[in-house]
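Reading the structure
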Amino acid sequence: TNEILCLLGDNWFSMRTTESAKGVIKRRKVMTTEQKQTLEVQAARIKTSLGMAQDLTRADGATATTTEDGFIEIMEPLGEDDEEERADSDE
């Protein structure tokens, strides 16, 4: 017999001929390539958004740094209005 055990997905297996298994592999390659392209587009959008967020913080005099965990820490300078509000709330 020229049948092999073929993974259909999510731990489902079936005995398939080699020709049928080749078709499964070709379809999976196409699907994987499409998923990779989609993820690359999403990654590019996230990088663009991150760059815009960092540009906005710099415009206000704030600083943005990336931590080891991948989070962005934003520190903004305290303005005069903020100091007055803080003093009023302490009274």
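Residues numbered from 1 in each chain as written. Predicted model: local features only at pLDDT ≥ 70, side-chain atom pairs only at ≥ 80, totals over all residues. Heavy atoms only, no water.

Looking at unusual backbone geometry
Backbone geometry at D10 places phi at a positive 50 degrees, although glycine is not the residue there. Mapped onto the elements, D10 comes out in the loop between β1 (3–9) and β2 (12–17). Positive phi values are uncommon outside glycine, yet N11 reaches one of about 60 degrees. With respect to the secondary-structure elements, N11 resides in the loop between β1 and β2. Of the residues examined, N11 reaches a relative accessible area of 68% and is grouped as exposed. (Helix = DSSP H or I, 4+ residues; strand = E, 2+ residues; numbered from the N terminus. Buried < 20%, exposed > 50% of the residue type's maximum accessible area, 1.4 Å probe, protein only.)

Some words on the pairing of strand β4 (residues 72–75)
Pairing analysis gives four bridges linking strand β3 (residues 63–66) to β4, with the strands arranged antiparallel. Each residue of the ladder has a partner; that of A64, found in β4, is I74. Count of turn residues in the β3/β4 antiparallel hairpin: five residues, of which G70 carries a positive phi of about 95 degrees. (Pairing = 2+ DSSP bridges.)

Description of the confidence of the model for the protein
It should be kept in mind that the predicted coordinates are not to be read in detail where pLDDT is low. With 80% of its residues at a pLDDT of 70 or more, the protein shows a mean pLDDT of 82. The lowest-confidence element of the protein is helix α2 (residues 80–90), averaging 67 in pLDDT; the highest-confidence one is β2, averaging 94. (pLDDT = per-residue confidence, 0-100.)

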